[in-house]
Amino acid sequence: MKKILTAAVLAIVATTSISNALTREEIEKDPILKGKMLAKRCSWCHDINRTVIAPSFKEILKRYKDVPEETLKKQFTDVIKNGSKGRWTEWMKGHIKTKKVGSVEAMYMPPQKPYYNDKEIELIVNWLLTLKK
Ligand code: HEC
């Protein structure tokens, strides 16, 4: 019995470490997937489709659908680094329940610079722009 248990535990450990290694490898190979993983932090406030306490990523992309990709890349890079305030205040007033957040007027996006380096921000922006399609 003890032997069987040990074998079972070993099997679990083995599969877990293999699947983790694979996932990490896959992420490294796929920059878009890496951007998506890095953007986990954004989901405190943004969902891809739904309004949480900030506009959804689809809503943001809809507003800027006629803006050329290069311009949008620069704008989003700046927003992620340095934050944003005022661009969405009017929209948020109509779409976010004040009970949840207190005052919509006071809401802003804090700079994300402390959490990411330039390369990581680039990966996030590239992933974000794939949601346009
Ligand atoms: C603490 C909440 C919070 C977090 C975390 C957050 N955001 Fe935001 N974000 C906001 C709010 C609020 C706005 C609207 C700001 C405004 O009105 O200008 C916003 C706006 C934006 C915009 C639109 C800016 C524009 O030019 O109109 C983008 C793009 C964006 N966020 C991307 C991100 C990404 C990517 C992350 C993660 C790296 C992130 N945000 C993390 C709250 C957040």
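These numbers were taken from a predicted model, which means no experiment stands behind them.

Asks: Whenever I open this one, the nonpolar core confuses me. Can you help?
Replies: Buried together is how nonpolar side chains tend to be arranged in soluble globular proteins. In terms of nonpolar packing, the biggest core is built from 25 residues, with F57, F76 and M92 touching the most fellow members. For this core, the leading source of residues is helix α7 (residues 118–130), giving seven residues. Discounting chain neighbours no more than four positions away, the residues touching F57 are C42, H46, D47, I48, W127, L128 and L131.

Asks: Explain the pattern of salt bridges to me, please; I cannot follow it from the model alone.
Replies: If charged atoms from side chains of opposite charge come close, those side chains can pair. Across all of its chains, the model carries seven salt bridges by this definition. Here E59 ties to K62 by a salt bridge, and the two come within 3.7 Å at their closest N and O atoms. Of the two residues, E59 and K62 are both situated in helix α3 (residues 57–63); the distance of three residues between them amounts to about one turn of the helix. Residue classification places E59 among the partly exposed positions, given a relative accessible area of 22%. Residue classification places K62 among the exposed residues on the basis of a relative accessible area of 54%. In this structure, E70 engages K73 in a salt bridge whose closest nitrogen and oxygen atoms are separated by 4.0 Å. Remark: K73 and E70 occur in helix α4 (residues 69–82); sequence separation between them is three residues, near one turn of the helix.

Asks: Can you walk me through the site of the ligand in this structure?
Replies: Inspection of the region around the ligand gives 26 residues, with C42, C45, H46, Y64 and M109 positioned closest. With respect to the ligand, the backbone of K85 contributes an N or O atom lying 3.3 Å from an oxygen atom. Looking at the shell around the ligand, the elements that each hand over two or more residues are α3, α4 and α5 (89–95). In terms of residue count, α4 provides more of the shell around the ligand than any other element does, four residues in total. Of the residues belonging to the shell around the ligand, the class tally is 17 nonpolar, six polar and three charged.

Cut-offs used in this document
- Going along each chain's sequence as written, the residues are numbered from 1 onward.
- pLDDT decides what is reported in this predicted model: residues at 70 or higher carry local features, side-chain atom pairs at 80 or more are listed and counted, and totals for whole chains, interfaces and linings draw on all residues regardless.
- With hydrogens and water stripped out, all remaining heavy atoms of the structure feed into the side-chain values.
- What we call a nonpolar core is a set of buried Ala, Val, Leu, Ile, Met, Phe, Trp, Tyr and Cys residues that are connected through their side-chain atoms within 4.5 Å.
- Only protein chains enter the area calculation, which uses a 1.4 Å probe; residues under 20% of their type maximum are buried, those over 50% are exposed, and those in between are partly exposed.
- Numbering of helices and strands runs from the N terminus, with a helix taken as a DSSP run of H or I at least four residues long and a strand as a DSSP run of E at least two residues long.
- Throughout, a residue-residue contact means that at least one pair of heavy atoms, one from each residue, lies within 4.5 Å.
- Criterion for a salt bridge: a side-chain nitrogen of Lys or Arg within 4 Å of a carboxyl oxygen of Asp or Glu.
- Nearness of a residue to a molecule or strand requires only that one of the residue's heavy atoms be within 4 Å of it.
- In protein, a polar contact requires one atom able to donate a hydrogen and another able to accept it; more generally it is a pair of N or O atoms within 3.5 Å, and residues adjacent in sequence count only if both atoms are side-chain atoms.
- Three classes are used: nonpolar for Ala, Val, Leu, Ile, Met, Phe, Trp, Tyr, Cys and Pro, charged for Asp, Glu, Lys and Arg, and polar for all others, with Gly counted as polar.

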